[in-house]
Amino acid sequence: MKRLATLLTVALSAAAGAQTSLPTGVARVHYQRADGAYAGWGLHVWEDTAAQVTWEKPLAQIGRDDFGAYFDIPLKPGAQKLGLIMHKGDTKDAGKDLWFDLGRGRELFLKSGSLNAAYAKGGPFNVDASQPPVAQAAAPAATAPAATPAATAGAAQPIPKNVLRVRYVRPDGKYDGWGLHAWEDTTATVEWSKPLAQTGVDAGGAYWDVPLKAGAAKVGFIVHKGDEKDPGPDFFADPSKGNEVTVTSGKTEFAYGAPAALSDPPVPAGVARINYYRPDGKYDGWGLHAWEDTTAQVEWTKPLTPTGTNSFGVYWDVPMKTDWKKLGFIVHSGDNKDPGADQALTREMGNQAWVVSGNATVNTTRPDTSVRTVGDLTRAQAVMLSRDLIAVKPEVAQPGAFLTLHAARAGGLKLTGAGVDGGDSLTLEEVEGA
């Protein structure tokens, strides 16, 4: 009997969580009630929003997370401020109109009964939200330069002089609560209990601009959330090698330079972008079937051809109706569907999705598909418990990871710098509670 040779390779993928990632062109208001009673509370909003809201029909809650309820507000181009009232019928919480200064960020945290707000999860509630942004005093001096509001959502901002930009990429897109501890050749005064707040978030993830001393040669830094370090060891960067470094969650080495995603073509107005990745790199013959709120006329026998390639794989820019709400799509080659079931992108999810071959998840943040090149085909990393259940060592799978099972009935699997060569592959799905 021929032995079944198997190898597990690990790649990181966005994982569904209690809170979705913040879509492009959207601001998010988080609302916390001490009594936990959120039923019936809605958000009245005006000024720079694209939403059509009346007092009788306020914005509904999008979801809940560990802070409370949250609301997503679609923004007009160049939006600068939003007027807000949290209310339940004619009962207003806090009793006054509140203001959301988009120059400070796209997330606002409110607590029931208070006029004070925070612009970062875990940050101080020291901004008087009852004062319009034009009347606000200048933001308190920070230990690191503040983020420059992006002219285009998701666009990378220029790196200021005498600054080291530290980037942080999480496959799950959840950056709330993560800060940066920095020491050595920085002018910032940082304590472990008061890390540097994020300067901003763009298409490359979250980032911090760390101010440097003259002639800086060594900057120590740790990305952490409370006492949880990611990935763990202290990092040291030499600014003479570059003014930008990238830390990827779970990886024990950082890289000089920006994430590859920042070099990708921006998403044009009026389209939804579907990104598609194949581990084998073979995209010939694969097209996109699209329906629902697209202006494209697509037939099954004549799918959309890829618009182009980027650092992820190939992508399709699908023209959308002005008031679009949902795009249905299937990646296919003839009658071979990948992964099989119909998939969808809604406007609330954003204007871009990432699909990994064999995986049914429609990711709204870019998953990390890099493959670990360290491995040994002679060492067991998993145990097959049944015909459809595999137990994997905890250290093999990062949080939010997906696993690919590679198998060759006749043997012959090879581990290369590009991944696994030979045999067939099957993407595995996590079994809750197993």
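The written sequence of each chain sets the order in which its residues are numbered from 1. In view of the model being predicted, local features appear only for residues whose pLDDT reaches at least 70, and side-chain atom pairs are presented and counted only at 80 or more, with totals across whole chains, interfaces and linings using the full set of residues. Side-chain numbers here rest on the full set of heavy atoms in the structure, without hydrogens or water.

### Observations concerning the side chain of His 332
In step 1: Tracing the chain through its elements places His 332 in strand 24 (residues 326-333).
In step 2: At a separation of 2.7 Å, a polar atom in the side chain of His 332 contacts the main-chain carbonyl oxygen of Gly 334.
In step 3: Among residues more than four places away in sequence, those in contact with His 332 are Gly 285, Trp 286, Gly 287, His 289, Trp 300, Pro 303 and Lys 337. A run of H or I in DSSP becomes a helix once it reaches four residues, and a run of E becomes a strand once it reaches two; helices and strands are each numbered from the N terminus. In protein, a polar contact requires one atom able to donate a hydrogen and another able to accept it; more generally it is a pair of N or O atoms within 3.5 Å, and residues adjacent in sequence count only if both atoms are side-chain atoms. Throughout, a residue-residue contact means that at least one pair of heavy atoms, one from each residue, lies within 4.5 Å.

### Examining unusual backbone geometry
In step 1: Note that the residue after Asp 230, namely Pro 231, is joined by a cis bond; omega there is 5°.
In step 2: On the secondary structure map, Pro 231 appears in strand 17 (residues 228-237).
In step 3: In this chain, Asp 338 is followed by Pro 339 through a cis amide linkage whose omega measures 5°.
In step 4: Note on placement: Pro 339 falls in strand 25 (residues 336-346).
In step 5: For Asn 162, which is not a glycine, the phi torsion comes out positive at approximately 55°.
In step 6: Checked against the element boundaries, Asn 162 lands in the loop between strand 11 (127-128) and strand 12 (163-169).
In step 7: Phi is positive for Glu 292, which is not a glycine, with a value near 75°.

### A word on the sheet that holds strand 17
In step 1: The strand order 13-16-17 describes an open sheet built from three strands, whose pairing is antiparallel. The open sheet is flanked by strand 13 (179-184) and strand 17, the only strands paired with a single partner. Sheet twist, expressed as the average angle between the axes of neighbouring strands with direction ignored, equals 15°.
In step 2: Two strands qualify as a pair provided DSSP detects at least 2 bridges between them. Bridging between strand 13 and strand 16 (residues 219-225) involves six bridges; their strand directions are antiparallel. When the bridges of strand 16 are listed, Gly 179 appears paired with His 224. To obtain an axis, a line is fitted to C-alpha atoms, over the contacting stretch when the element is a helix, and the angle between two such axes runs from 0 to 180 degrees between their N-to-C directions.

### Focus: the nonpolar core
In step 1: Among the buried residues, those of types Ala, Val, Leu, Ile, Met, Phe, Trp, Tyr and Cys that are joined through side-chain atoms within 4.5 Å form a nonpolar core. Each residue's exposure class comes from its accessible area (1.4 Å probe, protein chains only) as a fraction of the maximum for that residue type: buried when under 20%, exposed when over 50%, partly exposed otherwise. With 26 residues, the main nonpolar core has Val 29, Leu 43, Ile 73, Leu 82, Leu 84, Met 86 and Phe 100 as its most contacted residues.
In step 2: Secondary-structure elements contributing two or more residues to this core are strand 2 (26-32), strand 3 (42-47), strand 5 (69-74), strand 6 (81-88), strand 8 (98-101) and strand 9 (107-111).
In step 3: Formed by 25 residues, the second largest nonpolar core is a distinct cluster that contains Ile 274, Tyr 283, Trp 286 and Val 355.

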